[in-house]
Every structure is written in structure tokens, then in C-alpha cells.
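Structural description and commentary
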Amino acid sequence: MSVAAFSLVALAVFAAACMQASIGFGMGMLAAPIVALIEPSLIPGTLIMSAVVVTLLVVLRERQSLDLRGTGWALAGRVPGTLAGAALLLLLPEQGLSLLLAGVVLAGVVMATMGWAPEPLRRNLATAGAASGLLGTATSIGGPPMALVLQGSTGARLRSNMSAFFLVGSIMSIAVLAVAGAIERENTEMFVLLIPATVLGYVASRFVNRILDPARLRWLSIGISSVGAVLLIGQQIL
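Residues numbered from 1 in each chain as written. Predicted model: local features only at pLDDT ≥ 70, side-chain atom pairs only at ≥ 80, totals over all residues. Heavy atoms only, no water.

**Brief notes about the overall build of the protein chain**
Across its full length, the protein chain holds 10 helices and 0 strands. Shown N-terminal to C-terminal, the secondary structure of the protein chain runs as helices and strands in the order α-α-α-α-α-α-α-α-α-α. Burial statistics for the protein chain: of 238 residues in total, 51% are counted as buried. Excluding contacts between residues fewer than 6 apart, the proportion of contacts in the protein chain whose partners are at least 24 apart in sequence is 84%. Accessible surface computed for the protein chain: about 10,700 Å², of which carbon and sulfur atoms make up 69%. (Helix = DSSP H or I, 4+ residues; strand = E, 2+ residues; numbered from the N terminus. Buried < 20%, exposed > 50% of the residue type's maximum accessible area, 1.4 Å probe, protein only. Contact = heavy atoms within 4.5 Å. Areas by Shrake-Rupley, 256 points an atom, 1.4 Å probe, with all protein chains shown as cover.)

**Thoughts on unusual backbone geometry**
Residue isoleucine 43 is joined to proline 44 through a cis peptide bond whose omega torsion reads 0 degrees. Looking at where proline 44 falls in the secondary structure, it is placed in the loop between α2 (27-38) and α3 (45-61).

**Some words on the packing of α2 against α3**
Contact pair α2 / α3: the axes reach a minimum separation of 11 Å and the direction vectors enclose 145 degrees. Of the two elements, α2 crosses α3, and the hand of that crossing is right-handed. Along its contact with α2, which presents Met27, Ala31, Ala32 and Val35, the element α3 presents Leu47, Ser50, Ala51 and Val54. Of the residues assigned to the contact of α2 with α3, the class counts are 7 nonpolar, 1 polar and no charged. (Axes fitted to C-alpha atoms, helices over the stretch in contact; angles between N-to-C directions. Left-handed = near helix turned anticlockwise from the far one by under 90°. Nonpolar A, V, L, I, M, F, W, Y, C, P; charged D, E, K, R; others polar.)

Next up, the structure:
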């Protein structure tokens, strides 16, 4: 990978880590379409490993706001979803995976703009956990389903609960992908090289939150994600 390409990937991871630490999700949604345009082999392994770092940092920072009631149901759903996501990753060709990734981003944008807010009941939490496991393992974008059912929470509570779920869920995904042979040496090496960008994104979230409120940051990130998804679809079609 050239220096210019790595710099773009690092910038995408930095911005995505900042978004994740600010509103509780978005690591994959923001970074994945951009990274897939530059180096598709880094999807999903490298981004999932980077997500572990930022979610761990957020859980430690917001630990006093943790309220894990219901998270167990979401994690129970995440297990079969993670297995299905790994199988999907192995079955899909690279072009199919790229189009699926772009489609997931655009679907997340549509759901966000519709304002649909399902109640955080056990059934909905388990369903969201399964969808998050499937999509997160196959494409590294597992945030939108959980964001929908947990959007009733705000601030530190939302960030801490979402991050706790994604910390455990991401570790599940990494383990399953490793067993399936879907994580290669390049993924691990790039993860290590991108740790500074991930940590800096987490640090920057403190300053960004003082300038942009969570709603504005969310819509800005959704806009960037949408552009990346559209460009990725255009690249695959053309």
C-alpha cells in the first residue's frame, strides 16, 4: 500500500473512531465504504479489530454510566448472527461483498432519516443483536440495528451501553473470522499500524463534542458515509 493510500485509510479510521466515541456507533459505517474503495482486503477484519480498541476506551471512560439490562438478549442474538455473517463473508465474491457493504450503509441512512424507533423489548434486542452480528461480521457495519433499539438512551449511557455491546460482539466476530481463516497477516499488521489513528480519534471526540452536538455530528457522519457508499457502488458497477 502506498503512503498516500495508507494516509487516506488512517484518516478514515481516525474520523470513524471519533464518531464511535462521540455517539456510540459508526466505526464501520463511516470508515468501511472509504476503506473498501482503497484496500478491500482490510474489510472486515482490520476495522473490527480497530473497533475493539475504541469501544474498550469508551467503556472505560463511561463505565459509571453502564446499564447492561437487556444487553444479554442482544448478545444472545449476536451469536447466531456472527456465525451467519462469517459464512456470508466466505460465500460472497469481493464485488458482492462491496455491494452488500454499500447497501448496508444506505439502508442505515434510510432508517436513520425515517426516525423509526422500535421499543427495546427482549425480542427486538435479540433481533437487533442478530442483525448486528451478521452485518458486523460480514461487513464491519453492525451499528445501525443496535442504534435503532437503543436510541431512547442518550449521552454517556448510550455510548457506554453501545460500546459494551460492540466490544464483546467484535471480539466474537474476530474469533469466528479467525477460525474461518478470514483474518490474514495483512489485517493484523494494518490494525497495529492504525492504532495511533484509532486512539487519536477517540481523544478528538472530546473536543468535537464541544463544537458539534451529537445530532449534528451524526448527520455529518451519515452524509459522509452515504457519499462513500455511492462511490463504492459506482466503482463496482463501472
